[in-house]
Amino acid sequence: MSAPSVTPAPQGPTAPFVVLMPLWKRDVPERVEAAIASATREQQLRPDLFILTVDGPLTADLDALVARVEDGEFGPARVLRHDSHRGVASALQDGLEASPHELVARADADDLCRPGRFALQIPAMSGPPVLDLMGGSMREFSDRLAPGDGPLRTRPLSHEEIVAYLPHHSPFHHPTIVMRRSVALAVGGYRDLPLLEDYWLWERMMLGGARMGNLAEVVVDYRVDEELFARRGGWHLFASDVRLQRHLVVDRVTGPGLFLRNLALRGAYRMAPGWVRRLGYRTFIETSA
C-alpha cells in the first residue's frame, strides 16, 4: 500500500455527528454495553447523538440495557424499534434516515471503538480532501485474545486505490466507517443483501461520485468469536455473492472474466469448512486485490 492520502486534521471545531448501531435479540448484553460505552462516553470526541436501532423483540437483559440508553446513561440517544426482525439493512436504513446530522458513523454491538476513533475520523472528513466515506483499520480480538493483540485488518488508503480494489473485494471495514448521510441516501442507502449490504452501498456511492478514503490507524477492535467464520458459509450467502456480482457487471464495475473469477473464489469460500474459510479470508481477501 502507498502512504496514506488522508491524514487527521488538527483538532478544533468539528461537525456534529451520529453513531448508528443495530441491535437484536442474539446480541450478548455484556458485549453490547461495552460496545456502546466505547462508542459514546469513552470517546475523546463524543457523538452528538447515539441512534440504537432495535431489530425485533429482545431478551429482558437487553431491554433493560436499552432502557438505560434511553435514560441518557451513555449520552444523548434515540432508540428506534422494529416490532419484528427485519434484518440489518432495514435497521441501518431506518437509522440513516432518522439521523439529524450529515455525518453518520457506524458501530457494531460486539466490537470496541478505540477512544481516539472519532477524534481522528470526524475532522478528517472535512479534509483536505473532503470525504464522503471513510473507514480505518481494525485489530481482531476474542475471549482468548485481548484487544490490541490480534491480527491486523487493513484496507486501501487513497480514493484511487479504493476504486481499483472495489471490483475485487469490499474496500471498507463496515464497523469503522463514517459516511455523509445525503450521499448515501442519494444512491438508495442500505438495501437488503445478507452480509453484503455494505459492499453494495459502497459500490453505489462510488458510482454516485463519492470521495473515499481509509485511515491507516486502527480505530476499532473487531470481535472474532468461534462462530464468526462458520456463519459466513452456505448456499444462502453464496446467493448474495451472485446477486452482488451481477450488480457489479450490470453497473460495468466488473466484466465477465472478473465476474467468473470472483464467483469461483466466493463459491469455494462459502462451501469450505469454517477453519478453511478463516484461512482463505486471511490469504485471499485480506492480502489480495
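The rules behind the values
- Residues numbered from 1 in each chain as written.
- Predicted model: local features only at pLDDT ≥ 70, side-chain atom pairs only at ≥ 80, totals over all residues.
- Heavy atoms only, no water.
- Helix = DSSP H or I, 4+ residues; strand = E, 2+ residues; numbered from the N terminus.
- Buried < 20%, exposed > 50% of the residue type's maximum accessible area, 1.4 Å probe, protein only.
- Areas by Shrake-Rupley, 256 points an atom, 1.4 Å probe, with all protein chains shown as cover.
- Contact = heavy atoms within 4.5 Å.
- Core = buried A, V, L, I, M, F, W, Y, C linked by side-chain atoms within 4.5 Å.
- Axes fitted to C-alpha atoms, helices over the stretch in contact; angles between N-to-C directions.
- Parallel < 35°, antiparallel > 145°, perpendicular 65-115°, else oblique.
- Left-handed = near helix turned anticlockwise from the far one by under 90°.
- Salt bridge = Lys/Arg side-chain N within 4 Å of Asp/Glu carboxyl O.
- Pairing = 2+ DSSP bridges.
- Right-handed = clockwise from strand over helix to strand, strands pointing away.
- pLDDT = per-residue confidence, 0-100.

### A closer look at the overall build of the chain
Part 1 of the reasoning: When its secondary structure is counted, the chain shows 11 helices and 9 strands.
Part 2 of the reasoning: In the chain, which comprises 289 residues, the proportion classed as buried is 54%.
Part 3 of the reasoning: With the model as given, the accessible surface of the chain reaches about 12,400 Å², and the carbon-plus-sulfur share is 56%.

### With respect to helix H1 (residues 29-39)
Part 1 of the reasoning: Every buried residue belonging to H1 is among Arg31, Val32, Ala35, Ile36, Ala37, Ser38 and Ala39, and all of these are buried.
Part 2 of the reasoning: Contacts made by the buried residues of H1 are with strand S1 (17-23), strand S2 (49-55), helix H2 (60-70), strand S5 (112-113), helix H4 (117-125) and strand S9 (212-223).

### Digging into helix H7 (residues 197-207)
For an α-helix, the turn length of 3.6 residues means that residues three or four places apart are oriented alike.
Part 1 of the reasoning: Burial within H7 is extensive, with 10 of its 11 residues counted as buried.
Part 2 of the reasoning: Turning to H7, its buried residues number three or more, namely Glu197, Asp198, Tyr199, Trp200, Leu201, Trp202, Glu203, Arg204, Met205 and Met206.
Part 3 of the reasoning: Positive phi shows up at Gly209, right after H7, with a value of about 95°.

### Description of the nonpolar core
Inside soluble globular proteins, nonpolar side chains tend to come together where they are buried.
Part 1 of the reasoning: With 39 residues, the main nonpolar core has Val19, Met21, Leu23, Ile36 and Leu52 as its most contacted residues.
Part 2 of the reasoning: Among the secondary structure elements, those contributing two or more residues to this core are S1, H1, S2, H2, strand S4 (103-106), H4, strand S6 (133-141) and S9.
Part 3 of the reasoning: Filtering out sequence-adjacent residues up to four positions away, Met21 remains in contact with Ala35, Ile36, Phe50, Ile51, Leu52, Thr53, Arg106, Ala107, Asp108 and Ala109.
Part 4 of the reasoning: The next biggest cluster of nonpolar side chains, apart from the first, holds 32 residues, and it includes Leu80, Leu201, Leu244 and Val253.

### Some points on the packing of helix H9 (residues 235-250) against helix H10 (residues 256-271)
Part 1 of the reasoning: Running from N to C, H9 and H10 cross one another at 165°; their axes reach a closest spacing of 10 Å. Taken together, the axes of H9 and H10 are roughly antiparallel relative to one another. As H9 runs across H10, the sense of the crossing is right-handed. Only Phe259, Asn262, Leu263, Arg266, Gly267, Arg270 and Met271 of H10 make contact with H9, whose side of the interface consists of Trp235, Leu237, Phe238, Asp241, Val242, Gln245, Arg246 and Val249.

### Remarks on the pattern of salt bridges
Part 1 of the reasoning: Applying the stated criterion across every chain, the model contains 12 salt bridges.
Part 2 of the reasoning: Taking the shortest distance from any N to any O, the salt bridge between Glu70 and Arg81 comes out at 3.4 Å. A residue pair is termed long-range when its members are at least 10 positions apart, and Glu70 in helix H2 and Arg81 in strand S3 (residues 77-82) qualify at 11 residues.
Part 3 of the reasoning: The salt bridge partner of Asp108 is Arg106, with a shortest N-O separation of 2.5 Å. Just as Asp108 is buried, Arg106 falls in that class too.
Part 4 of the reasoning: Salt bridges linked by common partners bring Glu33, Arg41, Arg68 and Glu73 together as one network.

### Considerations on the pairing of S3
Within a regular strand, side chains alternate between the sheet's two faces.
Part 1 of the reasoning: Summarising the sheet, S2 and S3 pair through 6 bridges and their orientation is parallel. If you follow Leu52 over to S3, its bridge partner there is Val79.
Part 2 of the reasoning: Following the backbone out of S2, through H2 and into the adjacent parallel S3, one traces a crossover that is right-handed.

### Remarks on the confidence of the model for the chain
Part 1 of the reasoning: Confidence in the prediction for the chain averages 89 pLDDT; 86% of positions are at 70 or higher.
Part 2 of the reasoning: Confidence drops under a pLDDT of 50 for residues 1-11, and excluding neighbours within four residues, the segment shows 31 contacts in the predicted structure.

### Focus on unusual backbone geometry
Part 1 of the reasoning: A cis amide bond links Gly127 to the next residue, Pro128, at an omega of 5°.
Part 2 of the reasoning: Mapped onto the secondary structure, Pro128 falls in the loop between H4 and S6.
Part 3 of the reasoning: Following Pro128, the chain continues into Pro129 via a peptide bond in cis, with omega recorded as -10°.
Part 4 of the reasoning: Inspection of the secondary structure assignment puts Pro129 in the loop between H4 and S6.
Part 5 of the reasoning: The phi dihedral of Leu195 is positive, around 70°, even though this residue is not glycine.
Part 6 of the reasoning: Its location among the elements puts Leu195 in the loop between helix H6 (181-186) and H7.
Part 7 of the reasoning: The phi torsion at Arg252 lies on the positive side, around 65°, for a residue other than glycine.
Part 8 of the reasoning: Position of Arg252 among the secondary structure elements: in the loop between H9 and H10.
Part 9 of the reasoning: According to the relative accessible area criterion, Arg252 is exposed, its value standing at 77%.

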